Amino acid sequence: MGKVSVSLLSSDLAHLADACNMINASDAWSIHMDIMDGVFVPNISYGFPVIEAVSRYSKKILDAHLMTVDPSRYYQRYRDLGISWLTVHWETCPHLNRDLQEIRRLGMRSGVSINPATPVCQLEQAVHYADLVLIMSVNPGFGGQVFIPESLQKIRELKEMRTRKNLDFLIQVDGGINDQNATELYEAGADILVAGNYIFKAEDPLAAIRAII
Ligand code: DX5
Ligand code: ZN
C-alpha cells in the first residue's frame, strides 16, 4: 500500500553494517537517519562519521531527518555524504522557502517536517518547494514513543492541501508506527511510513517491514 523508511535509531549501533544489510535485503524504500543536536530536541543521535559509514553499506535511498538548529550550515555536506532526500523542520527554518530551494539546488529532494503541535496550515506558503512533507506523530527526539492519534487528522488535511494546490509531494509519517496503525495511516493519505522500534524489536525484521508496506 505504501513505502517504508527504516529508522536506524533503534538499531544496535555497534552492528551498524548488519542493520544496513538487513535493510538492503528488505522491501524498504529508504534508510531514515535521524540527526539530532541536543538543542532543537533533548537528545543527540549521530553525525557525519556515522552517515558516512551507513552510506558505504547502504544500497537504499538515504533519507535524513534533521532535528538540528541552523541546518543550512551543512546541506552540502549531507549531499556529499550520499543523502538524497533531506528533511528540515519548519520550526528551525525562519526562511523555509529558501532552505527548500537550496536543498533542491544541491541536487537533493527537499523535505519539510512539522512537530505534533504545529498545524498543517503553517505549510501553505512553502509546500510548493517541497518534494516531501513529514508529519511527526510523536514529539521528536526519541525512538519507541507512542503514536499521537491526532496525527491522522493532520495527514488528511495535508492530503487535502496537496489536492487543492495540485501538487505531488510525498506524505511521510514518523513516530510510533507499527502493524496496528499502518493501514489507517495509509488510508488517511500517508505515502511513506517511518518505523524504527517496531522493526528492530521484531523477531523477524524483514517480515515486520513487509507487514507495514
Ligand atoms: C524520532 C525520530 C523517529 C524515530 C521513529 O525523533 O524522528 O524517526 O526513530 O522511531 P519509532 O518508530 O521507534 O517511533
Ligand atoms: Zn525521524
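Our subject is the structure that appears above.
This section reports on the structure supplied with the text. (Residues numbered from 1 in each chain as written. Chains lettered and ligands numbered in written order. Predicted model: local features only at pLDDT ≥ 70, side-chain atom pairs only at ≥ 80, totals over all residues. Heavy atoms only, no water.)

All right, on to the nonpolar core then. A general feature of soluble globular proteins is that nonpolar side chains tend to end up buried together. Residues Leu8, Leu86, Leu185 and Ile199 are the most contacted members of the largest nonpolar core, which totals 62 residues. Once you skip the residues sitting within four places of it in the chain, Leu185 turns out to touch Phe147, Leu152, Ile155, Val173, Ile177, Ala190 and Leu193. Judged by nonpolar contacts, the second largest core, of seven residues, contains Trp29, Leu132, Val138 and Ile192. (Core = buried A, V, L, I, M, F, W, Y, C linked by side-chain atoms within 4.5 Å. Buried < 20%, exposed > 50% of the residue type's maximum accessible area, 1.4 Å probe, protein only. Contact = heavy atoms within 4.5 Å.)

What the rule picks out here adds up to three aromatic pairs. A ring pair is formed by Trp29 and Trp85, whose centres lie 5.2 Å apart and whose planes are at 70°; its orientation type is edge-to-face. You can see Trp29 sitting in the loop between α1 (16-24) and β2 (30-36) and its partner Trp85 sitting in strand β4 (residues 85-89), a full 56 residues away along the chain. What makes Trp29 buried here is its relative accessible area of 16%. (Phe/Tyr/Trp six-rings, centres within 6.5 Å; stacked < 30°, edge-to-face > 60°. Helix = DSSP H or I, 4+ residues; strand = E, 2+ residues; numbered from the N terminus.)

For ligand 1, the set of nearby residues contains 20 residues, the closest of which are Gly141, Gly144, Asp174, Gly176 and Gly196. Contact distances for ligand 1 include 2.9 Å between an oxygen atom and a side-chain N or O atom of Ser7. Here His32 contributes a side-chain N or O atom positioned 3.4 Å from an oxygen atom of ligand 1. Here ligand 1, which alone exposes 380 Å², has 99% of that area covered by the protein. Where the shell around ligand 1 is concerned, the elements lending two or more residues are β2, β3 (61-67) and β8 (192-195). Along the lines of polarity and charge, the residues of the shell around ligand 1 split into eight nonpolar, ten polar and two charged. (Near = heavy atom within 4 Å. Polar contact = N/O pair within 3.5 Å; in protein donor to acceptor, adjacent residues only side chain to side chain. Areas by Shrake-Rupley, 256 points an atom, 1.4 Å probe, with all protein chains shown as cover. Nonpolar A, V, L, I, M, F, W, Y, C, P; charged D, E, K, R; others polar.)

Here we take up α1. Along α1, the residues classified as buried are Leu16, Ala19, Cys20, Met22, Ile23 and Asn24. Elements that come into contact with the buried residues of α1 comprise β1 (3-7), β2, α2 (48-57), α7 (197-200) and α8 (205-211).

With that settled, consider the pattern of salt bridges. Following the criterion strictly, the structure yields eight salt bridges and no others. As a salt-bridge pair, Asp80 and Arg79 come within 2.9 Å of each other at their nearest N and O atoms. Looking at Asp80, the relative accessible area reads 53%, which means it is exposed. One salt bridge connects Arg162 with Asp191, and the closest N-O pair in it is separated by 2.9 Å. In this pair, Arg162 sits in helix α5 (residues 151-164) while Asp191 sits in the loop between α6 (182-188) and β8, placing the two residues 29 residues apart along the sequence. Judged by its relative accessible area of 14%, Arg162 is buried. Within this structure, Glu124, Glu160, Arg164 and Lys165 form a network of salt bridges that share partners. (Salt bridge = Lys/Arg side-chain N within 4 Å of Asp/Glu carboxyl O.)

Geometric descriptors of this kind do not, in isolation, establish any biological role.
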